[in-house]
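Results of the structural survey
What follows is each chain in one-letter form.
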Amino acid sequence: MRRRARLRLAQVLTELLSPSPLIAVLLVHVAVATDPTWWWSSSISVAFLAVLPWTITLMLVRRGAATDLHVRHRDQRHLVYALALGSMLLGMALLLFLPTTSDVRLAAAVGILTLLIVMAVNTRLKISVHAVLAALAGLVIPAGLPGAGWWVLGAAGWLLVCWSRLTLRRHSALEVISGSLLGGVAGWAFLAMAPQYPG
């Protein structure tokens, strides 16, 4: 009974804190913090960097080209990542023409570069994208909010994501750790280069 409850909790966490929702929250947060006209820039970035890649994955699952939305089999990830990258590059191109802040553009660029690194690592290791985004969001979002409580929540969210992926046996400890390190480096790079965030 305890094992079943633990697995159910892990499944809920792995869905709620999956990459697409975390990307969307992160992009909106950066836009709100730095762009007075945040609605337009966040709509574009969320659409092309979060919603469309998720929709592409869903279509591939329905067509049988992927087993599930989290694409647990490494050999299926190449097509998913390639199509997601195309969507993200289109979104980046649109952001270059929109009147938005360099921070919003930087957030999108960091996301694209991180995906390229994931694609390269994925040829050898099934890196945990859940851990990548949990570490990235857990670092960047609290940095733009007042109070130590946000850092606690960010760390807790990251730990829960890692726990859920290990509990569900979707990743090894090495895959979760490597994903966390990549997400942490990406988050640190954004914070180091962002001219306005955190304001």
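Under an unreviewed UniProt entry, the protein has the name PAP2 superfamily protein and belongs to Nesterenkonia aethiopica.

Some thoughts on unusual backbone geometry
Note that the residue after Y197, namely P198, is joined by a cis bond; omega there is -10°. A positive phi angle, close to 60°, is found at R169, a residue other than glycine. Assignment of secondary structure puts R169 in the loop between α7 (149-167) and α8 (173-193). Assessed through its relative accessible area of 71%, R169 is described here as exposed.

Section: the nonpolar core
Counting 44 residues, the largest nonpolar core has L49, V118, L133, V140 and F190 as its most contacted members. Every residue in contact with F190, bar those within four places of it in the chain, is listed here: V30, D103, L106, A107, V110, V140 and Y197.

Let's talk about the packing of aromatic side chains
Applying the stated criterion across every chain yields a total of two aromatic pairs. Relative to W39, the ring of W38 lies with its centre 6.1 Å away and its plane at 85°, an arrangement referred to as edge-to-face. When its relative accessible area of 34% is taken as the criterion, W38 is described as partly exposed. By relative accessible area, which is 52% here, W39 ends up exposed. Taking the centre distance of 5.6 Å and the plane angle of 50° together, the rings of F190 and Y197 count as tilted.

Some words on the environment of V30
Position of V30 relative to the elements: it lies in helix α2 (residues 19-34). Taking the C-alpha atoms as reference points, V30 and R105, separated by 75 residues in sequence, lie 9.9 Å from one another.

A closer look at the layout of surface pockets
Put simply, the largest pocket is a space of about 670 Å³. Taken together, 37 residues make up the lining of the largest pocket; nearest its centre are P19, S20, I23, V129 and L133. Elements represented by at least two residues in the lining of the largest pocket include exactly α2, α3 (38-62), α4 (74-97), α5 (102-121) and α6 (129-143). Across the lining of the largest pocket, the residue classes break down as 25 nonpolar, nine polar and three charged. One number sums up the size of the second largest pocket: a volume of about 260 Å³. What lines the second largest pocket is a set of 16 residues, among which L22, A137, I141, L153 and G154 lie closest to the centre.

Focus on α3
The first and last C-alpha atoms of α3 sit 34 Å apart over 25 residues, in line with the 36 Å expected at 1.5 Å per residue. Of all the bends in α3, the largest measures some 40° and sits at A47. Taken together, the buried positions of α3 are occupied by S41, S42, S45, V46, F48, L49, A50, P53, I56, T57 and L60. Elements in contact with the buried residues of α3: α2, α4 and α5. After α3 finishes, the residue G64 shows a positive phi value of roughly 85°.

Quick notes on the rules
- Residues numbered from 1 in each chain as written.
- Predicted model: local features only at pLDDT ≥ 70, side-chain atom pairs only at ≥ 80, totals over all residues.
- Heavy atoms only, no water.
- Helix = DSSP H or I, 4+ residues; strand = E, 2+ residues; numbered from the N terminus.
- Buried < 20%, exposed > 50% of the residue type's maximum accessible area, 1.4 Å probe, protein only.
- Core = buried A, V, L, I, M, F, W, Y, C linked by side-chain atoms within 4.5 Å.
- Contact = heavy atoms within 4.5 Å.
- Phe/Tyr/Trp six-rings, centres within 6.5 Å; stacked < 30°, edge-to-face > 60°.
- 1 Å grid on protein atoms, 1.4 Å probe; cavity = no way out; pocket = protein on both sides within 12 Å on 5 of 7 lines; lining within 4 Å.
- Points joined across faces, edges and corners; volume = space filled by probe spheres on them.
- Nonpolar A, V, L, I, M, F, W, Y, C, P; charged D, E, K, R; others polar.
- Expected span 1.5 Å × (residues − 1).
- Bend = angle between axes of the 7 residues up to and from the residue.

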